[in-house]
Amino acid sequence: MTEPLDAIALAAEVIAWLTVPIGVVLLAIGYGRRAWANRYRSAKAVITNVDDRDAKLRWFGEEGDVHETASPLTGPIPAVGDARTVWIHPARPGSARLDTPVHDGRALLLLGWILTGVGVIGILVSNLMPFFE
């Protein structure tokens, strides 16, 4: 009767060896990405020009300097003078992003926690199986 329990303990240990390191790495990357995304600040940008493929946006930086970028058109065509919220990172004040950075790293964190949790359960199963013999 101990052979099936030994097989389960071995499988659980192999799963733990695979999932815990990958989960921890994904957690580190996810928290790093989250820390990077928390530094973004919002600013108001104005659409200055609309072409057939993109729109040009201008905004003021922290020190009063004017920045400009082109954004591809993906939704309804905006009018010149429309205001948009953009997010600027202090390390790159000349480039803006139009999507909110709130969700950055969320998928990595979720997957990292799932894999780490599965690995911890595998460690517990592999260590507790000998007591059921």
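Residues numbered from 1 in each chain as written. Predicted model: local features only at pLDDT ≥ 70, side-chain atom pairs only at ≥ 80, totals over all residues. Heavy atoms only, no water.

## Digging into the nonpolar core
Inference 1: Counting residues in hydrophobic clusters, the biggest one holds eight residues: A43, A45, I47, A55, L57, W59, V86 and I88.
Inference 2: Among the secondary structure elements, those contributing two or more residues to this core are β1 (41-50), β2 (54-60) and β4 (83-89).
Inference 3: Apart from the residues lying within four places of it in its own chain, the contact partners of I47 are A55, K56, L57, P78, A79, V80, G81, D82 and R84. (Core = buried A, V, L, I, M, F, W, Y, C linked by side-chain atoms within 4.5 Å. Buried < 20%, exposed > 50% of the residue type's maximum accessible area, 1.4 Å probe, protein only. Helix = DSSP H or I, 4+ residues; strand = E, 2+ residues; numbered from the N terminus. Contact = heavy atoms within 4.5 Å.)

## Comments concerning the pattern of salt bridges
Oppositely charged side chains can form a pair if their charged atoms are brought close together.
Inference 1: By the definition in use, this model includes four salt bridges.
Inference 2: In this structure, E68 engages R58 in a salt bridge whose closest nitrogen and oxygen atoms are separated by 2.8 Å. Taken together, the residues E68 in strand β3 (residues 66-72) and R58 in strand β2 connect sequence positions ten residues apart.
Inference 3: Overall, the relative accessible area of 40% leaves E68 in the partly exposed class. (Salt bridge = Lys/Arg side-chain N within 4 Å of Asp/Glu carboxyl O.)

## Focus on the sheet that holds β2
Inference 1: Pairing is antiparallel in the open sheet, where five strands are placed in the order β3-β2-β1-β4-β5. Since the sheet does not close on itself, it has two edges, and those belong to β3 and β5 (92-97), each with one partner. On average, adjacent strands in this sheet sit at an angle of 45° to one another, irrespective of strand direction.
Inference 2: Summarising the sheet, β2 and β3 pair through seven bridges and their orientation is antiparallel. (Pairing = 2+ DSSP bridges. Axes fitted to C-alpha atoms, helices over the stretch in contact; angles between N-to-C directions.)

## Focus on helix α2 (residues 106-128)
Structurally, the α-helix is built with 3.6 residues per turn, so residues lying three or four positions apart point the same way.
Inference 1: Over its 23 residues, α2 runs 33 Å from end to end, which matches the ideal 33 Å to within 8%, given 1.5 Å per residue.
Inference 2: When we look at burial in α2, the residues that qualify are L109, G112, T116, G119, G122 and S126. (Expected span 1.5 Å × (residues − 1).)

## Examining the packing of aromatic side chains
Inference 1: Under the criterion given, the structure shown has zero aromatic pairs.
Inference 2: Here the guanidinium or amino end of R97 rests over the ring plane of Y40, the centre of that ring lying 5.1 Å away. (Phe/Tyr/Trp six-rings, centres within 6.5 Å; stacked < 30°, edge-to-face > 60°. Lys NZ or Arg CZ within 6 Å of the ring centre and 35° of its normal.)

## Regarding the pairing of β5
Inference 1: As paired elements, β4 and β5 share three bridges and run antiparallel to each other. Across the sheet, W87 pairs through a bridge with R97, a residue of β5.

## Re a nonpolar patch on the surface
Inference 1: Nonpolar side chains collect at one region of the surface, where V120, L124, L128, F131 and F132 lie side by side and expose about 560 Å² of accessible area between them.
Inference 2: Positionally, L128 belongs in helix α2.
Inference 3: We classify L128 as partly exposed; its relative accessible area is 43%. (Patch = residues over 30% accessible without salt bridge, like charges linked within 9 Å, V, L, I, M, F, W, Y side chains within 5 Å. Areas by Shrake-Rupley, 256 points an atom, 1.4 Å probe, with all protein chains shown as cover.)

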